[in-house]
Amino acid sequence: MRPLARKSVLPLTIIVLMAAAVVGYAAEHSEISLSTHSRYAKPSESAEADEDDPEDQDPNASSPADHGSAYTPRRTEQNARVGAIFEKDDTGDHFCTASVVQSPGRNMLITAAHCAYDAEAGSTMNDLVFAPDFRDGEEPAGLWKVRKVIVDDRWAKSQDEDLDFAFLILEKKDGKEIQDVLGGNTLGIHRGFDNYVKITGYPTSRNTPISCQNRTEKYSGTQMRVKCTNFEGGTSGSPWLADYDPKSHTGTVIGVLGGYESGGDEDDVSYASYFDDDIAKLYKRAQDEA
């Protein structure tokens, strides 16, 4: 439901840190990161209130949005790590969303597999570009070319909705990696189904992002869902960010919009494949192939 159909294909059936070469994570709760600020406690009720900070909203907003209601986020360091995905360049429509995640190469994004793999052609897309913090045609950090797409081989074969996530490796820009410019969030594995998250994405109908905050819930043993308004086509791949710490400037991505029915068939209810051992292995593979 969420990605926009590209001009050249039908609507897309398309979207940790570990020390050295060791994959290490706890069976129940784990975040993998390059930094020492990689683990955060489950947010309390007061922390949830802090998430509804009106400073994150459009200056015209008079009060924080209710849980589950979309709003226009302001330009912040946190929001700048989320961007729109275009084909070839920014002259066409953006059709999906991606965000920066920490990696040893400092050059990695996470999105939905259906955003980066052309199931009809049976191959990854080789013409994608990423525009972080894109707003009204402005690209403060410029356009970043995707060099490589990493999806699970089982998703490529059968579009398994439980494996609807992908990592994108970016080329350098002006001699720098994307994480050097924008920083990155950690990847959360086995975080459970009940998390308070902020979701930010780029509807194709808008040239500014939207955000929403709410609690996730279990849909199945391999799928999460959340109620957030107006997450329409183009928001596939939007990060579900938990435990943002303003001191370390880091949050934890525990899901990306996708999974069941490519994110769901209602704009106000979204889904995500649960992050378990499968994404941990794919993340390790993405590092090896970066």
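Our subject is the structure that appears above.
So, here is what we can say about the structure in this document. Each residue is numbered by its place in its chain's sequence as written, counting from 1. pLDDT decides what is reported in this predicted model: residues at 70 or higher carry local features, side-chain atom pairs at 80 or more are listed and counted, and totals for whole chains, interfaces and linings draw on all residues regardless. Neither water nor hydrogens contribute to the side-chain values; these are computed over all heavy atoms in the structure.

In this section: the overall build of the protein. Going along the chain from the N terminus, every DSSP run of H or I of four or more residues is numbered as a helix, and every run of E of two or more is numbered as a strand. Each helix and strand counted, the protein has four helices and 17 strands in total. Only protein chains enter the accessibility calculation, which uses a 1.4 Å probe; a residue is then buried when its area is under 20% of its type maximum, exposed when over 50%, and partly exposed in between. Taking all 290 residues of the protein together, the buried fraction comes to 56%. Note that accessible areas follow from Shrake-Rupley with a 1.4 Å probe, and for residues the cover is restricted to the protein chains shown. Of the roughly 11800 Å² of accessible surface on the protein, a fraction of 46% belongs to carbon and sulfur atoms.

Right, let's get into the environment of Gln78. Tracing the backbone through its elements, the reader meets Gln78 in the loop between helix H1 (45-51) and strand E2 (82-87). Spatially, the C-alpha atom of Gln78 lies 8.7 Å from that of Leu182, the residues being 104 residues apart in sequence. Not counting the four nearest positions on each side in its chain, Gln78 is found in contact with Lys198, Leu241 and Tyr244. Here, residues are in contact when the closest pair of their heavy atoms is within 4.5 Å.

The next thing to look at is helix H4 (residues 277-289). Over its 13 residues, H4 extends 18 Å from the first C-alpha to the last, a length consistent with the 18 Å expected when each residue adds 1.5 Å. Of all the residues in H4, the buried ones are Ile279, Ala280, Leu282, Tyr283, Lys284, Ala286 and Gln287. A helix is expected to span 1.5 Å for every residue after the first.

With respect to burial, strand E15 (residues 239-245) is a largely interior element, seven of its seven residues being buried. When DSSP finds at least two bridges between two strands, those strands are taken to pair. Summarising the sheet, strand E11 (residues 196-201) and E15 pair through two bridges and their orientation is antiparallel. Bridge assignment links Lys198 to a residue of E15, and that residue is Leu241.

Let us now look at the state of the cysteines. When two cysteine sulfur atoms are found within 2.5 Å, that pair is recorded as a disulfide. Scanning the model with the defined rule gives two disulfides in all. Each disulfide pairs two cysteine sulfurs, and for Cys212 the partner residue is Cys228, the sulfurs being separated by 2.0 Å. Its S-S torsion of approximately -85 degrees makes the covalent link between Cys212 and Cys228 left-handed. In this pair, Cys212 is assigned in strand E12 (residues 210-215) and Cys228 in the loop between strand E14 (223-227) and E15, connecting sequence segments 16 residues apart. Across this residue pair, the class does not change: Cys212 and Cys228 are buried. Sequence-ordered numbering of the bonded cysteines in the protein gives a disulfide pattern of 1-2, 3-4.

A few words on the packing of aromatic side chains. Pairing of aromatic rings covers Phe, Tyr and Trp, the last counted by its six-membered ring, and requires centre-to-centre distances within 6.5 Å; plane angles under 30 degrees mean stacked, over 60 mean edge-to-face, and any other angle means tilted. All told, the structure shown has eight aromatic pairs when counted by the stated rule. Residues Phe167 and Tyr283 carry aromatic rings whose centres are separated by 5.4 Å and whose planes lie at 65 degrees to one another, so their mutual orientation is edge-to-face. A residue pair is termed long-range when its members are at least 10 positions apart, and Phe167 in strand E9 (residues 166-170) and Tyr283 in helix H4 qualify at 116 residues. There is no split in this pair, since Phe167 and Tyr283 are both buried. Plain terms: the ring middles of Phe193 and Tyr274 are 4.4 Å apart, the flat faces sit at 20 degrees to each other, and that makes the pair stacked. One end of the pair, Phe193, is in the loop between strand E10 (186-189) and E11; the other, Tyr274, is in the loop between strand E17 (269-273) and H4, and 81 residues separate them in sequence. Residue classification places Phe193 among the buried residues on the basis of a relative accessible area of 17%. Following the ring pairs from residue to residue traces out a cluster consisting of Tyr219, Tyr260 and Tyr271.

Residues Ile110, Phe130, Phe167, Leu187, Phe275 and Ile279 are the most contacted members of the largest nonpolar core, which totals 46 residues. Once you skip the residues sitting within four places of it in the chain, Phe167 turns out to touch Val101, Met108, Leu109, Ile110, Lys148, Val149, Ile150, Leu187, Ile279, Leu282, Tyr283 and Ala286. We define the nonpolar core as a collection of buried residues of types Ala, Val, Leu, Ile, Met, Phe, Trp, Tyr and Cys that are connected through side-chain atoms lying within 4.5 Å of one another. With 15 residues, the next largest nonpolar core counts Val226, Ile254, Leu257 and Ala272 among its residues.

On to the sheet that holds E9. With respect to topology, six strands assemble into a closed barrel ordered E2-E3-E4-E9-E8-E7, the strand pairing being antiparallel. On average, each strand axis in the sheet is inclined to that of its neighbour by 40 degrees, with strand direction left out of account. Strand direction decides the pairing type here: E2 and strand E3 (residues 96-101), joined by four bridges, are antiparallel. Across the sheet, residue Val82 finds its bridge partner in E3, namely Ser99. Here an axis means a line fitted to C-alpha atoms, over the contact stretch when the element is a helix, while the angle between two N-to-C directions is reported on a 0 to 180 degree scale. The sheet contacts of H4 involve strand E4 (108-111), strand E8 (144-151) and E9, and relative to E8 the element is tilted by about 130 degrees.

Exposure above 30% relative accessible area and no salt bridge define the residues that can form patches, which grow by joining like charges within 9 Å and nonpolar side chains of Val, Leu, Ile, Met, Phe, Trp and Tyr within 5 Å. A pair is scored as a salt bridge if a Lys or Arg side-chain nitrogen falls within 4 Å of a carboxyl oxygen belonging to Asp or Glu. Charge assignment: positive for Lys and Arg, negative for Asp and Glu; neither His nor the chain ends contribute. The atoms used to mark charge sites are NZ of Lys, CZ of Arg, CG of Asp and CD of Glu. Taken together, the side chains of Glu161, Glu261, Asp265, Glu266 and Asp268 make up a negatively charged region of the molecular surface. Within the secondary structure, Glu261 is located in the loop between strand E16 (250-256) and E17.

Turning our attention to the sheet that holds strand E13 (residues 217-220). Taken together, three strands build an open sheet; the order of strands is E13-E14-E17 and the sheet is antiparallel. Here the strands that pair on one side only, and so sit at the sheet edges, are E13 and E17. Between one strand and the next, the sheet's axes are offset by a mean angle of 35 degrees, whatever the strand orientation. The sheet contact formed by E13 and E14 spans three bridges and is antiparallel. Of the residues in E14, the one forming a bridge with Ser220 is Gln223.

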